[in-house]
Amino acid sequence: MNLRKHIAALLLLLATLLFSCSREQTASPNQEKVAVSISAGQGSTRTQIDENGLSVRWSENDRIAVWAASADNGFAFSAIPFSAYYLLGSSARFTAEITPMASGSYTYYSVYPVPESVSGNIAYFTLPAVQNGSYDGNNDILAAYPQTGGALNDPATEVDMTFKHKMHALRIFVPEGGNTLGEPIRRIQITFPQDVAGRVGVDFTDPAAAPTLESGSRTITLNIPDGLDESADAARQYAYAIIYPAQMEQAGEITFVARSFRYQASATYSARTMNEGGSTPVRLILGEPKDMTTTLRLSIAENHLGEEPQKITFEIASPDDATFGATRSFTIDVPTELTPAGYYDLDITGYENLSGATVRITYESESAIVSQNITMPEIIEAQTNTMALTVPYLFAEDFSSLSGSFENSTEFAISDPTDPDAVWLDQYGLPQWSGARIGGAAGTGIRICSHIEIGLWIKNIRNGRVDTAPLTAIKEGKSVRLHVEFDYASDLYEGTGSGGSTTYWAGTTTNSGLLNGSNEIENVVLGETTIPRDGPGNNGTWYGSTPHTQSYEVDGCGSTTRLSWRVGVSRGSSIGGNGNYWLYIDNIKVSIVK
């Protein structure tokens, strides 16, 4: 419903609303339909707050649902929405197109607003536990007393319908001297001794029947964007809560917890019966305020980058309503803004909805810029919430994002004498990586293969190779010394003959193209290294186990540097033989050496 909301006093009178229904002879584009209208007049008011603060009236785009039932033929139509299209003072007209009704007598039923669903005679609505503090007519559920009349097609037919309010309204105001917070109230949480919000069921055939409540909540939260402050009796400012009518024992209590930007205070009142259609004024006088200052304390617990960060930028990625105070991003200048104890305090009072938010953190050092997404911890109001940061590696790959399994000339074949072309690995979740005689297991790791064939003591070795994406986290123009660490394992399969071991080289390249196993590594750091077999030695795969760790350091690395591994085989000559030799790699970690 599109409401023109005017903040004023609300008095929902137990008086009923009188409606007059008549047929309107308007031509329809669909000749099988007729347009009818329903008039709401007689000074009756409904869904928009009047300036006098004592009533509500219909507003544009209000809609009611109407049923017409015949004793002989059941429902002629059910829950058809009638939309407001003409407003004049406190009167309104609603229109809908219906299939022409057969002559006869009908019983008419109606509810407001249009229900979310209908089951049998019960119309269902959601009465929300979170409201905005202004009057929302969608929550003020009405049911009409059944009326009998002829078909709406008959010009002589007039049907007068009387509606009954089914919910209860609270009108909350703060008298002069009642706001101890010293700031406008932004939120009020009201807790009742029994459920007052949830899924409401209303019998549209009997407005006198008590409504039902399912999936209930005892708490109503009013989020008041414009704030609620003290006001004089002659010009009261109100916040409104629409609740399910409840027969509450006076021994119970209703608690109001009011929150401003920085403070919180409460008030408790004896419970009372909340009748259908009634309105209860609440004179809210708050108790002693509590300081609700909420702090996010940030510190660096671990630094895998190697260089000390100079700036740390926080930017909220999701959800859209989460903020750091009045902004969605901020930057810490580490040398000047961290305390001597190594932490930074951020005042997030009033913005505790950071819990669970996704935040992009960017660390900038002298030579590099690295980023990571983190999930914010639970933020507790009125406390100092600590958050220990871990600066990520300059480059790291554990292959958990490897999106598919693949084998590129890594499986044994009796004869495989050529060097296969290298391929890009973007399609497997490794953008800008390339490899030849390379395989991978989704979410696990990669392997590089060397194939050997021997005939009459002549060896034909076809090597494999892998090159990572460029290390673009290094700032353009910077040259740094890197510490490279990786986990590895070896396996082999002897097709014909026996013996031999896997060997590998490791280093770097600045070549941005596809490089196959015949290309030697441009800058070799680890020369050919022979490693014993770890795997079962059969013609299968052995992903998921890399028990060994190797590391090296390399100078002169920049933003175009790629890490490279090349795999070979150490095996003696013989009259004949063949086999595959694999290097498995996982958990690559790269830091700057200072």
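The rules behind the values
- Residues numbered from 1 in each chain as written.
- Predicted model: local features only at pLDDT ≥ 70, side-chain atom pairs only at ≥ 80, totals over all residues.
- Heavy atoms only, no water.
- Helix = DSSP H or I, 4+ residues; strand = E, 2+ residues; numbered from the N terminus.
- Contact = heavy atoms within 4.5 Å.
- Areas by Shrake-Rupley, 256 points an atom, 1.4 Å probe, with all protein chains shown as cover.
- Lys, Arg positive; Asp, Glu negative; His and termini not counted.
- Charge placed at Lys NZ, Arg CZ, Asp CG, Glu CD.
- Pairing = 2+ DSSP bridges.
- Axes fitted to C-alpha atoms, helices over the stretch in contact; angles between N-to-C directions.
- Buried < 20%, exposed > 50% of the residue type's maximum accessible area, 1.4 Å probe, protein only.
- pLDDT = per-residue confidence, 0-100.
- Phe/Tyr/Trp six-rings, centres within 6.5 Å; stacked < 30°, edge-to-face > 60°.

**Topic: the overall build of the protein**
Here is step 1 of the chain: A tally of regular secondary structure across the protein gives 1 helix and 46 strands.
Here is step 2 of the chain: Dimensions along the principal axes, computed over C-alpha positions, put the protein at roughly 110 × 65 × 45 Å.
Here is step 3 of the chain: Excluding contacts between residues fewer than 6 apart, the proportion of contacts in the protein whose partners are at least 24 apart in sequence is 75%.
Here is step 4 of the chain: Counting only carbon and sulfur atoms, one obtains 46% of the accessible surface of the protein, whose full area is about 25700 Å².
Here is step 5 of the chain: A distance of 1 Å separates the average location of the 39 positive side-chain charges in the protein from that of its 66 negative side-chain charges.

**Some thoughts on the sheet that holds strand β17 (residues 197-203)**
By definition, the strands of a sheet pair up through backbone hydrogen bonds, in either a parallel or an antiparallel sense.
Here is step 1 of the chain: Here 4 strands make up an open sheet; going across it, the order is β9-β10-β17-β18 and the pairing antiparallel. On the outer flanks of this sheet lie β9 (117-119) and β18 (212-217), each paired with one strand and no other. Ignoring which end each strand starts from, the neighbouring axes of this sheet average 20 degrees apart.
Here is step 2 of the chain: The pairing of β9 with strand β10 (residues 122-127) spans 3 bridges and is classified as antiparallel. Among the inter-strand pairings, Ser119 is bridged to a residue of β10, identified as Ile122.

**Description of the pairing of strand β14 (residues 159-165)**
Consecutive residues of a regular strand have side chains that alternate between opposite faces of the sheet.
Here is step 1 of the chain: Within β14, 5 of the 7 residues are buried, which leaves the element mostly enclosed by the surrounding structure.
Here is step 2 of the chain: Of the strand pairs in this sheet, strand β12 (residues 142-144) and β14 are connected by 3 bridges, and their pairing is antiparallel. Residue pairing across strands places Leu142 opposite His165, the latter belonging to β14.

**Quick look at the confidence of the model for the protein**
Here is step 1 of the chain: Here the protein averages 88 in pLDDT, and 90% of its residues register 70 or above.
Here is step 2 of the chain: The low-confidence segment residues 1-31 (pLDDT under 50) makes 116 contacts with residues lying over four places distant or belonging to another chain.
Here is step 3 of the chain: Under a pLDDT of 50 for its full length, residues 49-54 has, in the predicted model, 20 contacts with residues more than four places off or in other chains.

**Description of the packing of aromatic side chains**
Here is step 1 of the chain: In this structure the tally under the stated criterion is 22 aromatic pairs.
Here is step 2 of the chain: For the pair Phe314 and Phe330, a centre-to-centre distance of 4.8 Å together with 5 degrees between the ring planes defines the contact as stacked. Residue Phe314 is located in strand β27 (residues 311-318), and its partner Phe330 is located in strand β28 (residues 329-333); the two are separated by 16 residues in the primary sequence. Pair check on accessibility: Phe314 and Phe330 agree, each one buried.
Here is step 3 of the chain: With centroids separated by 5.2 Å and ring planes inclined at 80 degrees, the aromatic side chains of Tyr543 and Tyr584 adopt a geometry described as edge-to-face. Here the residue Tyr543 occupies a position in the loop between β43 (523-531) and β44 (548-557), and Tyr584 occupies one in strand β46 (residues 576-592), the gap between them amounting to 41 residues.
Here is step 4 of the chain: Here the aromatic residues Trp67, Phe75, Tyr109 and Phe204 are joined through ring pairs into a cluster of three or more.

**Some thoughts on the sheet that holds β43**
Here is step 1 of the chain: Here 6 strands make up an open sheet; going across it, the order is β35-β36-β40-β45-β42-β43 and the pairing antiparallel. For this open sheet the edge positions go to β35 (423-424) and β43, each flanked by a neighbour on one side alone.
Here is step 2 of the chain: Both strand β40 (residues 464-467) and strand β45 (residues 562-570) contribute to a ladder of 4 bridges, which runs antiparallel. The partner of Gly464 across the bridge, within β45, is Val567.

**Quick look at the environment of Ala413**
Here is step 1 of the chain: Assignment of secondary structure puts Ala413 in the loop between β34 (406-408) and β35.
Here is step 2 of the chain: Judged by relative accessible area, Ala413 falls into the partly exposed class, the value being 27%.
Here is step 3 of the chain: In the structure, Ala413 is positioned 167 residues away from Asn580 in sequence and 8.5 Å away in space, judged by C-alpha atoms.

**Quick look at unusual backbone geometry**
Here is step 1 of the chain: Cis geometry is found at the peptide bond from Tyr112 to Pro113, where omega equals -5 degrees.
Here is step 2 of the chain: With respect to the element layout, Pro113 can be found in the loop between β8 (105-112) and β9.
Here is step 3 of the chain: Residue Ser318 is joined to Pro319 through a cis peptide bond whose omega torsion reads -5 degrees.
Here is step 4 of the chain: With respect to the element layout, Pro319 can be found in the loop between β27 and β28.
Here is step 5 of the chain: The backbone of Ser215 shows a phi angle near 50 degrees, a positive value even though the residue is not glycine.
Here is step 6 of the chain: Mapped onto the fold, Ser215 is located in strand β18.
Here is step 7 of the chain: We note that Trp457 has phi near 65 degrees; this positive angle belongs to a residue other than glycine.
Here is step 8 of the chain: As for its placement among the helices and strands, Trp457 is situated in the loop between β38 (445-455) and β39 (458-462).
Here is step 9 of the chain: On the basis of relative accessibility, which here comes to 54%, the residue Trp457 falls in the exposed class.

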